[in-house]
There are 2 protein chains.
Amino acid sequence: MSTDAPAPRNRSHNVTLTRAPALADTLAARLSEDIRDGRLKPGEQLPTEQQISLAYGVSRPTVREAIGRLKHDGLVVTRQGAGAFVADPNAASVFRLSVADFSNKDEIHNIVELLMAVEATATQHAAERRSAANLAEIRARLDAMQAAIDRGEPGVDEDFAFHRAIIEATNNPFFRDLSDFLDRRVRNFIRTARLNSARQAGLPQAVQVEHIRIFEAIERQAPADAREAAENHLRNAAKRLERYLVL
Amino acid sequence: MSTDAPAPRNRSHNVTLTRAPALADTLAARLSEDIRDGRLKPGEQLPTEQQISLAYGVSRPTVREAIGRLKHDGLVVTRQGAGAFVADPNAASVFRLSVADFSNKDEIHNIVELLMAVEATATQHAAERRSAANLAEIRARLDAMQAAIDRGEPGVDEDFAFHRAIIEATNNPFFRDLSDFLDRRVRNFIRTARLNSARQAGLPQAVQVEHIRIFEAIERQAPADAREAAENHLRNAAKRLERYLVL
DNA sequence: GTCACCAAGTTGCCTGACAAGTGGAAATTT
DNA sequence: AAATTTCCACTTGTCAGGCAACTTGGTGAC
């Protein structure tokens, strides 16, 4: 009944799926679901490491690794000697956004929607409070983009750098980090989905016209115009994305 | 020179700060910085677990735990038999937003700014595509808020639920999760900072008037009006927050 | 020159053990 | 009997050592 039970031999339980998802990860995912779906309520104590270890047929280090993840994500807090407890969601200080299956069309749509919201507002803020240095940097990126176009290149990197310079001008690290992540995600998707055809035959120049409108609004510090220009640009970009998605 | 070197005895190296930050956490933070600051470049191989173990004077399980965190955050990828490598930031599929020191006034300001951007756009989308069920839920939350006010309560929970019902109507989990996090964070700050005085003497009713404007815009599916009403509400809320912050 | 094979190195996971901290029950005192 | 102290079982944090699975580069056979 106590702790001297013979250690269960369960190597055969190895889930060995293709490209092993790592035991700790699957366990962490399960516990994480238990919390999010309310099977484990805030403040409630988790089973002890040993109990989980027995219940799931994995070793304690593996359980510790899984719980460590949850702790890292702010879902649980542990107190040495006492146990592990489900954290109060109101006090959680870390937000985790996982874009899992990027082949899902809805997911892309939702991501792009969030991207539009963040970048449009960021562009507005940039117009409100860009410094002279910010403006110079943005102009430099715009010129670099034009140079790339003149060389006949699609200029994806220059495009990204232009937007990044604008976001930087918001002087808000949360906008910067989130926008950076979303932007990378979408651009990477476009790249891997081999939609580069979208960047052909005069399209870059059309994009550049929209960039210029954004730049000019930021230059004359007109927030409303900047937002509208950004919204227009993003709307068109989303439209181009949609169009090439169906192909 | 090989692996038979005597295990270093370094229990005295225990950093024992107040409320022990856990060895693995500090190690993960250091490695994480190395990556973010570019001392470790994308694609580059990390030192082996054993090397790190020796270098930092901790055991291999601890190193594993730290690397596990980085893996979880999408900063590194590991290949059994090969090693651990810094992940390509373009391919990173998880975004992590950590709101560390919440006593910092700038940080609050930045968070609120992001919250405003997300919720205003979310409210707009809610007006665009709320279902009848969504609308009913939002109305129920609005009524519950009114009931709380009539009972003379501040109705913070009802307020939160009202906003949550709106966000839910966007039908976009990214908006929902991010907004949920930011909202909780700000409200929790207000609570702990004992600014409840902000919720006195007719203020709830003033807030409710703004809520009603938002609700009506969503009801008649007027996106622009909904956004404007939400922006107005959030601007006022931010103003109230600022005012009570200086006290 | 090409290909199969092997050995060293690395991560993934396990067992067993001890230290540090917690909380409640038992023992002691009032 | 009630209050206080002491102590012990339990839990998490960390360590050591070991084996299995996998990768990679080099070596030898052809």
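Calculation rules
Residues numbered from 1 in each chain as written. Chains lettered and ligands numbered in written order. Predicted model: local features only at pLDDT ≥ 70, side-chain atom pairs only at ≥ 80, totals over all residues. Heavy atoms only, no water. Near = heavy atom within 4 Å. Polar contact = N/O pair within 3.5 Å; in protein donor to acceptor, adjacent residues only side chain to side chain. Helix = DSSP H or I, 4+ residues; strand = E, 2+ residues; numbered from the N terminus. Nonpolar A, V, L, I, M, F, W, Y, C, P; charged D, E, K, R; others polar. Contact = heavy atoms within 4.5 Å. Buried area = accessible area lost by both parts, 1.4 Å probe. Salt bridge = Lys/Arg side-chain N within 4 Å of Asp/Glu carboxyl O. Least-squares fit on C-alpha atoms with pLDDT ≥ 70 in both. Pairing = 2+ DSSP bridges. Buried < 20%, exposed > 50% of the residue type's maximum accessible area, 1.4 Å probe, protein only.

1. So, the protein's contact with DNA strand D
Argument step 1. Lining the immediate surroundings of DNA strand D are 25 residues, of which Arg64 and Thr78 of chain A together with Ser59, Thr62 and Arg79 of chain B lie closest.
Argument step 2. Put simply, 72% of the atoms of DNA strand D that lie within 4 Å of the protein are in sugar or phosphate.
Argument step 3. A distance of 2.9 Å is found between a phosphate oxygen of DNA strand D and a side-chain nitrogen or oxygen belonging to Ser59 of chain B.
Argument step 4. Within the side chain of Arg60 of chain B, an N or O atom sits 3.0 Å from a base oxygen of DNA strand D.
Argument step 5. Of all the secondary-structure elements, those providing two or more residues to the surface near DNA strand D are helix H3 (60-72), strand E1 (76-79) and strand E2 (83-86) of chain A together with helix H3 (60-72) of chain B.
Argument step 6. For the surface near DNA strand D, the class distribution of residues is 8 nonpolar, 9 polar and 8 charged.

2. A short note on the interface of chain B and chain A
Argument step 1. Contacts between the two partners involve 39 residues from chain B and, on the opposite side, 39 residues from chain A.
Argument step 2. At the boundary of chain B with chain A, total buried surface from both sides reaches about 4000 Å², with 55% on carbon and sulfur atoms.
Argument step 3. Interface area lost by chain B to chain A is led by His72, Phe95 and Phe174 of chain B, which between them contribute 20%.
Argument step 4. Inspection of the region where chain B meets chain A yields 2 salt bridges.

3. Thoughts on the relation of the copies chain B and chain A
Argument step 1. For the pair chain B and chain A, the best superposition has an RMSD of 0.2 Å and corresponds to a rotation of 180° with a translation of 0.1 Å parallel to the axis. Overall, the copies show the geometry of a two-fold rotation axis. Rotation axis and chain B: the residue whose C-alpha lies nearest the axis is Arg96 of chain B, separated from it by 2.5 Å.
Argument step 2. Interface overlap between copies: 100% of the residues of chain B at the interface are likewise at the interface in chain A, consistent with a symmetric, same-surface contact.

4. Side note on the environment of Pro42 of chain A
Argument step 1. For Pro42 of chain A, the position within the fold is in the loop between helix H1 (23-36) and helix H2 (49-56).
Argument step 2. Measuring from C-alpha to C-alpha, the distance between Pro42 of chain A and Phe85 of chain A comes to 7.5 Å, with 43 residues separating the pair along the chain.

5. Points about the protein's contact with DNA strand C
Argument step 1. What surrounds DNA strand C is a group of 25 residues, the closest being Ser59, Thr62 and Arg79 of chain A together with Arg60 and Arg64 of chain B.
Argument step 2. Backbone atoms, meaning sugar plus phosphate, form 67% of the atoms of DNA strand C positioned within 4 Å of the protein.
Argument step 3. The side chain of Ser59 of chain A places a nitrogen or oxygen atom 2.7 Å from a phosphate oxygen of DNA strand C.
Argument step 4. Among the secondary structure elements, those contributing two or more residues to the surface near DNA strand C are H3 of chain A together with H3 and strand E1 (76-79) of chain B.
Argument step 5. Class assignment of the residues belonging to the surface near DNA strand C gives a composition of 7 nonpolar, 9 polar and 9 charged.

6. With respect to the pairing of E2 of chain A
Residue and element names in this part refer to chain A.
Argument step 1. Direction of pairing for E1 relative to E2: antiparallel, over a ladder of 4 bridges. Within E2, the position partnered with Val77 by the bridge is Phe85.
Argument step 2. The hairpin formed by E1 and E2 contains 3 residues between the paired strands, and Gly81 there has a positive phi angle of roughly 90°.

7. Details of unusual backbone geometry
Residues and elements named next belong to chain A.
Argument step 1. Positive phi, close to 60°, is recorded for Asn171, a residue that is not glycine.
Argument step 2. Relative to the helices and strands, Asn171 resides in the loop between helix H6 (156-168) and helix H7 (173-192).
Argument step 3. For Gln221, which is not a glycine, the phi torsion comes out positive at approximately 50°.
Argument step 4. Mapping Gln221 onto the fold places it in the loop between helix H8 (203-219) and helix H9 (223-246).
Argument step 5. When its relative accessible area of 43% is taken as the criterion, Gln221 is described as partly exposed.

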